[in-house]
Amino acid sequence: MHPSRRAVLKGALLAPVQAGAVLPLAPATAQALDSPWDQVPAILARIVPPTFPDRTFPITEYGAKPDNSTDCTAAFRSAIAACNAAGGGTVLVPGAGKFRTGKIHLLSGVRLHVEAGGTIRFRSDAGSYLPNVYTRWQGIECYNYSPFIYARNQTDIALTGTGTIDGNAAAGPWFGFDDQRGPDWDRLQQMAVDGVPIEQRQFGDGHYLKPSMIQFYGCRNILVEDLDIRNPAMWTIHPVLSRNIMIRRVKIYSRGAMVDGVDPECSSDVLIEGCTFDTGDDGTVIKSGRDTDGRRVGVPSTDIVIRGNTYYGRWGAITVGSEMSGGVRNVFAENNRILAGSSYHSFYALYLKTNNRRGGTVDGVHVRELTGGPCDRGGFYIDMNYSLTGPGYGPIVNPVIQNLTVDGLNIAASPFAIKLSGSSASHVRNVTISNSTFTQIDTPAPQLSNADNVVLRDVRINGALYGSAPGNRYEAENATISQGVVESNHAGFSGTGFVNYDNVAGSYVEFAVNAAAAGTATLTLRYANGTAADRPMDIAVNGTVVAAAKPFNGTGSWTAWQSTTISAQLLAGANTVRATATTANGGPNLDYLEIQP
């Protein structure tokens, strides 16, 4: 599942590759390796938004008034109950004025839709979020204040519309809790270590653990779409032990401490797409429980796709941890960008954090085309000695971080480019960083500590090449083309153009390549596919198919170029590599083939 290991990089700092340096060949393997990205189409096929009957329940028919004064809590509760009892439908928040409310608890089959111009504005008194509900606080199960919007063990639920959901947190006591939570937080962690039953872990009134804004606990078939969500007290959108989750085109604005954007925890089949994060903490952050309690529950977060989002800060844009004790697998982030925000910059572009009490395994985080900046603290950072939220309680159980690929990480203006800091007891393992460019970096040399099998390929920092040099590149426009044309009307290609395949099965591009010696090589094909449909191709080397119907999935637009790789045996001297479309849609736009020994 990983490119051939061409170098094992250890130590404090890496030096640039000198001109003319001879790089070691990878060990030969007989089998072609698929890209981990080939898993993404199956994940996306499982993520299907819920549908709802054509029934509407306006909250104004249940006593709600848009005057920012009337308490609409009962109106929301009644409308949701009626919608659920009728077999599902839409609870409508009209597009005029502000509807003031306490906690909202969703039920199965209910879509809460906020029209443009309408606002749900939450009350500022803590009593409006009582009685306690079954929840999590920083990855530990307990009873605490209700999240502002909450659902437990429900199916087919949604928050939609182009209106606003305003947590109004600064008007309440919540940020004052931050300096007072210490004893409660210590007590909850110790309860988890001691195995205290969850029903006895009661907090809420008289305690100082603030609630999340939107939490789906043990739910399935969830849609959050198009809303402007702002001013949470804590994590903004927090699915826990849930699956089939689609979060798209949402704008999140938060200020304060612990106000992350989207935090899938112990959840699977999640799509976070086309969202905007202007947050006071991490943007998208994957979690799976904390320390002893996280390992007790033992459910990983897995099969998560994060694409086409924009991050204005703060902390990590794409983040894993630090609560990851249940494990994290198969996270795919692509075509995301980082921009300077009005108040903040992102601290890190890609950030993995944990420590030696977490346990758990992070296996398979794959990032491509993450671009932008500035990042105030670093570009790509793995920190296995993280303790900002406390060192944790309970026994030492070392976590594992392994099998990461990063391609097209292009960051401008940061103190460092790459810092991988494993622990002496558990090294970071198997990290490949390729085709990446860092500029305006204060400390350019990658900093590696307790990190094994780290491969850098065509990584340039302040203009210097680190790791291996780029391979031999063969432009598609210079290859043999059958049923396709050379074009140059989509920006971002290499060379003088690209090949636009005809929409017919059997169309192909064939490259004539030379190898200095026989052995295994990595073949990288750069392409763009502006459709939503896969355009698979057979990849043949010297007439033998080495990757049948290899996926070339949609890249978001015809100017969004991506790379996919396979490994194959080449002969010494002349070889042919042919990419043949296998469906009536033809192939993607093909930019080049690159051969890496």
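Residues numbered from 1 in each chain as written. Predicted model: local features only at pLDDT ≥ 70, side-chain atom pairs only at ≥ 80, totals over all residues. Heavy atoms only, no water.

Colleague: What is the right way to look at the overall build of the protein in this model?
Modeller: Tallying secondary structure elements over the protein gives five helices and 45 strands in all. Each principal axis of the C-alpha distribution contributes one length, and for the protein these read about 80 × 55 × 40 Å. In the protein, which comprises 597 residues, the share counted as buried stands at 57%. Pairs at least 24 residues apart make up 77% of the contacts formed inside the protein by residues separated by at least 6 positions. Counting only carbon and sulfur atoms, one obtains 49% of the accessible surface of the protein, whose full area is about 20500 Å². Computed over 48 positive and 51 negative side-chain charges, the separation of the two mean positions in the protein equals 3 Å. (Helix = DSSP H or I, 4+ residues; strand = E, 2+ residues; numbered from the N terminus. Buried < 20%, exposed > 50% of the residue type's maximum accessible area, 1.4 Å probe, protein only. Contact = heavy atoms within 4.5 Å. Areas by Shrake-Rupley, 256 points an atom, 1.4 Å probe, with all protein chains shown as cover. Lys, Arg positive; Asp, Glu negative; His and termini not counted. Charge placed at Lys NZ, Arg CZ, Asp CG, Glu CD.)

Colleague: Help me understand the pattern of salt bridges in this model?
Modeller: Any two side chains of opposite charge can pair, so long as their charged atoms come close to each other. Enumeration according to the criterion identifies 30 salt bridges in this entry. Its salt-bridge partner being Lys 550, residue Asp 38 comes within 3.4 Å of it at the nearest N-O pair. Of the two residues, Asp 38 sits in the segment before helix 1 (40-46) while Lys 550 sits in strand 42 (residues 544-550), which places them 512 residues apart along the sequence. Here Asp 38 and Lys 550 have matching classes, each one buried. Where Asp 293 meets Arg 201, a salt bridge forms, and the shortest distance between an N and an O atom there is 3.1 Å. Note that Asp 293 is positioned in helix 5 (residues 291-297) and Arg 201 in the loop between helix 4 (182-194) and strand 13 (214-217), a separation of 92 residues in sequence. Of the two residues, Asp 293 and Arg 201, both sit in the buried class. (Salt bridge = Lys/Arg side-chain N within 4 Å of Asp/Glu carboxyl O.)

Colleague: What should I look at first to understand helix 4 in this one?
Modeller: One full turn of an α-helix is made of 3.6 residues, so residues set three or four places apart face in the same direction. For helix 4, which comprises 13 residues, the first-to-last C-alpha distance of 18 Å matches the rise-based estimate of 18 Å (1.5 Å per residue) to within 8%. Considered for burial, the residues of helix 4 that qualify are Asp 184, Trp 185, Leu 188, Gln 189, Met 191 and Ala 192. All buried residues of helix 4 fall inside an arc of 155 degrees around its axis, so they share one side. Facing away from the buried side of helix 4 by more than 90 degrees, the exposed set consists of Pro 183 and Asp 194. Along its buried surface, helix 4 packs onto strand 8 (133-137), strand 9 (140-144) and helix 5. Trailing helix 4 by a residue or two, Gly 195 shows a phi angle of about 70 degrees, which is positive. (Expected span 1.5 Å × (residues − 1). Arc of directions from axis to C-beta.)

Colleague: Please explain the packing of aromatic side chains as it appears in this structure.
Modeller: For any two aromatic rings, the description comes down to two numbers: the centre-to-centre distance and the angle of the planes. For the structure shown, the criterion picks out 22 aromatic pairs. Relative to Trp 185, the ring of Trp 137 has its centre 5.2 Å away and its plane inclined at 65 degrees; by these criteria the two rings are edge-to-face. One end of the pair, Trp 137, is in strand 8; the other, Trp 185, is in helix 4, with 48 residues separating them in the sequence. Both residues of the pair, Trp 137 and Trp 185, belong to the buried class. An aromatic cluster is defined as three or more aromatic residues linked by ring pairs; in this entry it consists of Phe 122, Tyr 129, Tyr 145, Phe 148, Trp 174, Phe 177 and Tyr 208. The cationic tip of Arg 473 hangs over the ring face of Tyr 592; the distance from NZ or CZ to the ring centre is 3.9 Å. Taking NZ or CZ as reference, Arg 578 lies 3.8 Å from the ring centre of Tyr 508, over its face. (Phe/Tyr/Trp six-rings, centres within 6.5 Å; stacked < 30°, edge-to-face > 60°. Lys NZ or Arg CZ within 6 Å of the ring centre and 35° of its normal.)

Colleague: Any chance you could explain the side chain of Ser 494 here in plain terms?
Modeller: With respect to the helices and strands, the residue Ser 494 is situated in the loop between strand 37 (484-487) and strand 38 (498-501). On the basis of relative accessible area, Ser 494 is assigned to the buried category, the value being 15%. For Ser 494, the side chain forms a polar contact with the side chain of Glu 475, separated by 2.7 Å. Every residue in contact with Ser 494, bar those within four places of it in the chain, is listed here: Arg 473, Glu 475, Glu 477, Arg 526, Asp 591 and Tyr 592. (Polar contact = N/O pair within 3.5 Å; in protein donor to acceptor, adjacent residues only side chain to side chain.)

Colleague: Whenever I open this one, the state of the cysteines confuses me. Can you help?
Modeller: Covalently bonding the sulfur atom of one cysteine to the sulfur atom of another cysteine gives a disulfide. For the structure shown, the criterion picks out zero disulfides. Cys 219 forms no disulfide, and the closest cysteine sulfur to it belongs to Cys 266, at a distance of 14 Å. (Disulfide = S-S within 2.5 Å.)

Colleague: Is there a simple way to explain helix 2 (residues 73-85) in this structure?
Modeller: The end-to-end C-alpha distance of helix 2 is 18 Å, a good match for the 18 Å that 13 residues give at a rise of 1.5 Å each. Buried within helix 2 are the following residues: Thr 73, Ala 75, Phe 76, Ala 79, Ile 80 and Cys 83. Summarising the axial view, the buried residues of helix 2 lie within an arc of 165 degrees, below the 170-degree limit, and thus occupy one face. Opposite its buried face, helix 2 presents the exposed residues Arg 77 and Ala 85, each directed more than 90 degrees away.

Colleague: Would you mind showing me how to read the sheet that holds strand 16 (residues 237-240) here?
Modeller: Two modes of strand pairing occur in sheets, parallel and antiparallel, and in both the strands are linked by backbone hydrogen bonds. Strands sit in the order 5-10-13-16 across an open sheet of four strands; the sheet is parallel. Edge strands, defined here as strands with exactly one partner in the open sheet, are strand 5 (104-105) and strand 16. In this structure, strand 10 (residues 149-152) lies alongside strand 13, joined through four bridges in parallel fashion. By the bridge assignment for strand 13, Arg 152 is matched with Tyr 217. (Pairing = 2+ DSSP bridges.)

Colleague: Teacher, can you tell me more about the pairing of strand 38 here?
Modeller: Consecutive residues of a regular strand have side chains that alternate between opposite faces of the sheet. Bridging between strand 37 and strand 38 involves four bridges; their strand directions are antiparallel. Note on strand 38: the bridge partner recorded for Gly 484 is Tyr 501. Pairing between strand 38 and strand 45 (residues 589-596): two bridges, direction antiparallel. Across the sheet, residue Val 499 finds its bridge partner in strand 45, namely Leu 590.

Colleague: Is there a simple way to explain the environment of Arg 187 in this structure?
Modeller: Following the sequence through the fold, Arg 187 ends up in helix 4. Look at Arg 187 and you get partly exposed, because its relative accessible area is 37%. Between the alpha carbons of Arg 187 and Arg 201 there is a distance of 9.1 Å; along the sequence they are 14 residues apart. The contact partners of Arg 187, leaving out residues within four places of it in the chain, are Gln 202, Phe 203 and His 207.

Colleague: Is there a simple way to explain the sheet that holds strand 39 (residues 508-515) in this structure?
Modeller: On the basis of which strands lie adjacent, the open sheet formed by five strands has the order 36-39-44-41-42 and antiparallel pairing. Only two strands of the sheet have a single partner each, and these edge strands are strand 36 (480-482) and strand 42. Direction aside, neighbouring strands of the sheet carry axes that sit 15 degrees apart on average. Where strand 39 and strand 44 (residues 573-581) come together, eight bridges link them in antiparallel fashion. Within strand 44, the residue paired with Ala 512 across the bridge is Thr 576. (Axes fitted to C-alpha atoms, helices over the stretch in contact; angles between N-to-C directions.)

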